[in-house]
Amino acid sequence: MKFMKLGSKPDQFQTKGDNIRYVATELATDMVINVGDVKFYLHKFPLLSKSFRLQKLTAHTDEESNDEINIDDIPGGPAAFEICAKFCYGMAVTLNAYNVVAARCAAEYLEMYETVEKGNIIYKIEVFLTSSIFRSWKDSIIVLQTTKAFLPWSEELKIVSRCLDSVASKAYIDTSKVDWSYTYNRKKLPSENGSDPLWNGVQKQQYVPRDWWVEDLSELHIDLYKRVITTIKTKGGMSSEVIGEALRAYAYRRLPGFSKGTIQGSDPVKYQYLIDMITSLLPTEKHSVSCSFLIRLLQTSIFLECGETVKSELKRRIGLQLDEASVADLLLRAPANEITTYDIDTVHELVQQFMLQKRSGQSDFPEDSGFQEMYPAFASDASKVKVARVIDGYLAEVSRDPNLPLAKFVNVAEMVSGFPRPSHDGIYRAIDMYLKEHPGITKSERKRICKLMDCRKLSAEACMHAVQNERLPLRVVVQVLFFEQARATTSSGGGSTPDLAGTIKGLLPGESHGSSRSATTNTDEDWDAVPTAEELKALKGELATLRMRDKEAGCNDTNSIDMKMSAEKASGGKAKGLIMSKKLFSKLWSNKDRLSENSSSDTSESPGSSNAGESKSTPSRVGGIPCPNVSCRLTNFS
């Protein structure tokens, strides 16, 4: 820290009680100056020789008042006045970053100019500020921090503006020219103070990061911090990522409990203003701050009940970067008046913002506009895949809440249902978790939530789990088995999918309802019900048979003759497996003796006529290679 020593005489100021100060000399004092609640017994000379204001005040006093002067409004109070008084007496005074602003403002109040006497204190303080204080990073910050207590004096004397310019200019300095003494918050490394046992006497140059200054500025009061960041941005050339990191560091430093999304403090208005300020200072460039930080700001703004303008802006910014979010980021706690654990409504709005940016991001700005770099064509397939994946994971987590309404779950899931997904395993996990935690939902609700999933896009592990899942409607289990059988047939060289009865085909996506389904409404009820343990066991056995047959077919696929034999073998096995499946399906949808009635109009698709059904085949485009060993990872879906 820089300092300046004024005067050389010993300090002769004495204290009597708590509010009396006097100079211990042989000469009697001839004037009394009241500064606040402190009385100073001093001499007209040398005070009047250096202070034009004291000259004017003394001229207006009379003998009855015993030259007693009241100056209650001097900036800095008794302490600052005492510095100026000691200077007048020539006593030793030390100025530093902590008291120089007070002394400068008090000297201005007392009008201690060069016109009164050469070498007066104002001149000396200005030299100290220019030659020392404003050249030091640390001292500039300290002085800037102290200016707040001396407004408007420090503003009118341009001390604040000079500090701002000094700090902002030093933030732009080449990092190779930055000495580690720049920060007073950082502990020195062992090699810097000579205590490193491996130090060989050669000073190594320390790596200085671009954002070296952000922690020190976090010490500033919110108003001053805002002005510093604004000044830095006005100068131009500072990376938006560095500005974003500065705002992040300030939020974590000045908002107690920010990392947890709650504020631990007794002044909500102050923290509301701070959130507003940080939001307004966010760089416009995309990725200047992380999506995680933006979500944390939003969560805090909701907790503090900030204005809708701030929350709307944060939601818009998050929508731009939602593909960067993680499941943990989105697990926002619901407000205290909500019955749910998590704030799923806010997440719904964030997905909406993502979709709005998707639609507008490609047309708002011309191609040659600089905004294209800031806001590129937004919703690429890659970003949609990421958003769908994180929403699937989010739904799996919030499904554990027993108070989560089905409608809210479905609404969020439907928003990303059109996004490309290489696999539907994620949404299957979420659906399975919801069914597990909400066993009391109705058949229609169970059917509604299961429609969110495409059975054709389940992995081999997910299919194996689904066939054994007693929480899924029988309709879904049969669909899974059918598509697995189709996948097994395609991968083994069969080139076709089994032609199932009209009743089964009616259960599959994109199929029309055959005449066999028009006879009774009880059939739909049976299909929407959960399967029994016996039915699941039979379906599981059927899937295992398909797996084994596919594995054997793959091992024999060595030449064209073997491929033909393998196809014939698979075809024969398929017929056998299909007969087995149809026996089970017949039992499930027969509704006692009504099967023959319902299937009389379409004998080619009757569950009983397996040969006729087998003679028809439909080309399949269901891709994928089933895994021979799928039982080892079933816990992923439990």
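For the structure, see preceding data.
The structure reproduced in this document is the subject of the present report. These numbers were taken from a predicted model, which means no experiment stands behind them. Residue numbering note: each chain is counted from 1, following its sequence as written. The predicted nature of this model means local features are confined to residues of pLDDT at least 70 and side-chain atom pairs, given and counted, to a pLDDT of 80 or more, with totals for whole chains, interfaces and linings taken over all residues. Hydrogen atoms and water are omitted, and side-chain values are computed over all heavy atoms in the structure.

## Considerations on the packing of aromatic side chains
And then number 1: Think of it this way: a Phe, Tyr or Trp ring, Trp meaning its six-membered ring, pairs with another when their centres are within 6.5 Å, and the plane angle makes it stacked under 30 degrees, edge-to-face over 60, tilted otherwise. Under the defined criterion, the tally for this structure stands at 10 aromatic pairs.
And then number 2: Both rings, one in tyrosine 109 and one in tryptophan 153, keep their centres 6.1 Å apart while their planes meet at 65°; by these two values the pair is edge-to-face. Here tyrosine 109, found in helix α4 (residues 100-109), pairs with tryptophan 153, found in helix α7 (residues 153-156); they are 44 residues apart in sequence, far enough to count as distant.
And then number 3: Ring geometry for tyrosine 225 versus tyrosine 250: centroids 3.8 Å apart, planes at 10°, classification stacked. Here tyrosine 250 lies in helix α11 (residues 240-254) and tyrosine 225 lies in helix α10 (residues 222-235), a separation of 25 residues in the sequence.
And then number 4: Residue tyrosine 225 is classed as buried on the basis of its relative accessible area of 0%.
And then number 5: Classification of tyrosine 250 by relative accessible area gives buried; the value is 0%.
And then number 6: One cation-aromatic arrangement involves arginine 53 over tyrosine 109; the distance from NZ or CZ to the ring centre is 4.0 Å.
And then number 7: Directly above the ring of tyrosine 342 sits arginine 333, whose terminal nitrogen or CZ lies 5.4 Å from the centroid. Here a strand is any run of E in DSSP of at least two residues, a helix any run of H or I of at least four, and the numbering for each starts at the N terminus. For each residue, the accessible area found with a 1.4 Å probe, counting protein chains only, is set against the maximum for its type, and the residue is called buried under 20%, exposed over 50%, and partly exposed in between. Only Lys NZ and Arg CZ are tested; either one counts as a charge over a ring when it is within 6 Å of the ring centre and within 35 degrees of the ring normal.

## Structural notes on the sheet that holds strand β3 (residues 20-23)
And then number 1: Should DSSP find at least two bridges between two strands, the strands are taken to pair. Here we have 5 strands laid out as an open sheet, ordered β2-β3-β5-β4-β6, and mixed in their pairing. A strand with exactly one partner marks an edge of an open sheet, and here the two such strands are β2 (13-15) and β6 (68-70). The mean inter-strand angle of the sheet, taken between neighbouring strand axes irrespective of direction, is 20°.
And then number 2: Examined bridge by bridge, strand β4 (residues 31-35) and β6 share 3 bridges and lie parallel to one another. The axes are straight lines fitted to the C-alpha atoms, using for helices just the contacting stretch, and the angles between their N-to-C directions are given from 0 to 180°.

## Comments concerning the nonpolar core
And then number 1: One finds Ile33, Leu42, Phe81, Trp213 and Leu395 to be the most contacted residues of the largest nonpolar core, which totals 153 residues.
And then number 2: We call two residues in contact whenever any of their non-hydrogen atoms come within 4.5 Å of each other. Aside from chain neighbours lying at most four places away, what touches phenylalanine 81 is Ile33, Val35, Phe40, Leu42, Leu47, Ile71, Ile74 and Leu110. Residues belong to a common nonpolar core when they are buried Ala, Val, Leu, Ile, Met, Phe, Trp, Tyr or Cys residues joined through side-chain atoms within 4.5 Å.

## Topic: the environment of leucine 95
And then number 1: Within the secondary structure, leucine 95 sits in strand β7 (residues 93-96).
And then number 2: For the pair formed by leucine 95 and phenylalanine 128, sequence separation is 33 residues and the distance between their alpha carbons is 8.7 Å.
And then number 3: For leucine 95, the residues in contact, after removing those within four places along its chain, are Lys2, Phe3, Met4, Leu6, Ile83, Ala103, Ile125 and Phe128.

## Concerning helix α6 (residues 137-146)
Note that an α-helix has 3.6 residues per turn; residues three or four places apart therefore point the same way.
And then number 1: Among the 10 residues of α6, 8 are classified as buried, and the element is accordingly described as predominantly covered.
And then number 2: Those residues of α6 that sit buried are Trp137, Asp139, Ser140, Ile141, Ile142, Val143, Leu144 and Thr146.
And then number 3: The inward-facing, buried residues of α6 abut α4, α8 (159-171), α9 (214-217) and α10.
And then number 4: Any pair of nitrogen or oxygen atoms within 3.5 Å is treated as a polar contact; in protein, a donor-acceptor pairing is required on top of that, and neighbouring residues in sequence qualify only through side-chain atoms on both sides. Capping the start of α6 is the job of one residue whose side-chain oxygen sits 3.2 Å from the backbone nitrogen of aspartate 139: serine 136.

## Observations regarding the environment of leucine 57
And then number 1: As for its position among the elements, leucine 57 is in helix α2 (residues 52-59).
And then number 2: Judged by its relative accessible area of 27%, leucine 57 is partly exposed.
And then number 3: Contacts of leucine 57, omitting those with residues within four sequence positions, involve Ile69 and Ile71.

## Re the pairing of β4
And then number 1: Judged by how many residues are buried, β4 sits mostly within the fold: 5 of 5 residues are covered.
And then number 2: Burial along β4 is two-sided: the residues Met31, Ile33 and Val35 and Val32 and Asn34 are all buried.
And then number 3: For β4 and strand β5 (residues 38-42), the ladder comprises 5 bridges, and the chain directions are antiparallel. Paired with isoleucine 33 across the two strands is phenylalanine 40, which belongs to β5.
And then number 4: Two successive antiparallel strands, β4 and β5, enclose a turn made up of 2 residues, where glycine 36 displays a positive phi of approximately 65°.

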